[in-house]
Amino acid sequence: MGKIIKNHSFTVEYTTFIKAVAVILMVLVHSIMDNAGYGELSLIESSICALFKPVVSIFAILSGLGMMKSAKKTQGLVRLSLKRIILVLVGYWMVFIVLFARIMAFHEKSLKDIYGGNVTFSLVKDIFGCSHVGPITKSILPISWFIGTIIVFYILFPVLYKLINKLGKFDFILLIITAIPIILLGFRVSLYTWDSIVYYLFSFVLGMFVEKRNIFDFFVRKKYEDFWKVFLLITLGTIVFSYLRITIRHIVDPICGFFFISFLIFFVNRVKLLDKFLLFIGGIEYFIYLIHYSAIKQCSAMLHHRGAWIYFVAFAITVIASVIYEFFYSRIKRGISSLKVFN
């Protein structure tokens, strides 16, 4: 990001760069997995899916980090959480309404066909992106599970923020506590419908911890003479945990995500040719997240063919749709941000 980013702290441009890389990898992984129905995955495809699946943990880490950074500038923790929840839901509702209208109009389905027996309960949960919060119910947008998860994190944030600050230098205790569900999953002890929440909570708290301790700022500030020592250490950690991710799967996702972010930090000022592209993609990553699954499904349904090129088609469609989506969403976002209750 060359001239855009100054080497003094982990700025929003760093976050944008990392989100751009993560969301591109997410579309790649989901494209490969969606096309798996047309044949068995090759060894390379399986490795790619396993290696890049921690992107969800990356988003959770960056969400916790972003909330912590914002909280340092305001005393209104509840207002901060409420604002983030509303912004998440507004974006989700824009996609939900379009998908819901399309299904009802072109697929000739009733609400019972979509949601099964308990229509009202399932519909209300789906409207608020909470189909996977509590008892799992059906959703017209399968990836909405993370919407409910991040909303729960935002609700918990004021409490988590006070806890991590009151613990002082013993704030690592909160990390240990939130890591317990992951450890249990390692022993195949499932927490059922709460898996996604308790599992990614560790990543969210890890982001808070990293911001409080200014760990990413430390990496950004490394002088040239120290660069290679730190870079080699981070690279080694990334390789080790990436290998562990391929072999023992999701248990190491948060740590793998942490090393992946740390690894990317060292490339931010060394990819000047991609400056504008990555800043653009990173800026609309939330829209791409919400839209990409539908774009991939549409490509698969229309083309009935699996191959690497279908990923590029799906990604192109996703970006175009996201630009249109962002045009309206950004205006709504500015309107919400200008309300006095959030200032």
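These lines cover the structure that appears in this document, whether it is placed above or below. Since this is a predicted model, take the numbers as computed values, not measurements. (Residues numbered from 1 in each chain as written. Predicted model: local features only at pLDDT ≥ 70, side-chain atom pairs only at ≥ 80, totals over all residues. Heavy atoms only, no water.)

With respect to the side chain of Lys-125
Along the polypeptide, Lys-125 turns up in helix α6 (residues 119–127). Despite its burial, Lys-125 remains without a salt bridge, the nearest opposite charge being carried by Asp-126 at 9.3 Å. (Helix = DSSP H or I, 4+ residues; strand = E, 2+ residues; numbered from the N terminus. Buried < 20%, exposed > 50% of the residue type's maximum accessible area, 1.4 Å probe, protein only. Lys, Arg positive; Asp, Glu negative; His and termini not counted. Salt bridge = Lys/Arg side-chain N within 4 Å of Asp/Glu carboxyl O.)

Overview of unusual backbone geometry
The backbone of Asn-214 sits at a positive phi, close to 55°, despite the residue not being glycine. Assignment of secondary structure puts Asn-214 in the loop between α9 (195–212) and α10 (215–221).

A closer look at helix α13 (residues 275–283)
One turn of the α-helix equals 3.6 residues, which is why residues spaced by three or four share an orientation. Taken together, the buried positions of α13 are Asp-275, Leu-278, Ile-281 and Gly-282. Projected onto a plane normal to the axis of α13, the buried residues spread over an arc of 145° and lie on a single side. (Arc of directions from axis to C-beta.)

Concerning the side chain of Asp-126
Note that Asp-126 resides in helix α6. Sequence-distant contacts of Asp-126, that is, excluding residues within four places in its chain, are made with Tyr-92, Phe-96, Tyr-115, Lys-138, Ser-139, Ile-140 and Ser-144. (Contact = heavy atoms within 4.5 Å.)

Looking at helix α12 (residues 253–265)
For α12, which comprises 13 residues, the first-to-last C-alpha distance of 18 Å matches the rise-based estimate of 18 Å (1.5 Å per residue) to within 8%. A large share of α12 lies buried, amounting to 11 of its 13 residues. Residues Asp-253, Pro-254, Cys-256, Gly-257, Phe-258, Phe-259, Phe-260, Ile-261, Ser-262, Leu-264 and Ile-265 constitute the buried set of α12. (Expected span 1.5 Å × (residues − 1).)

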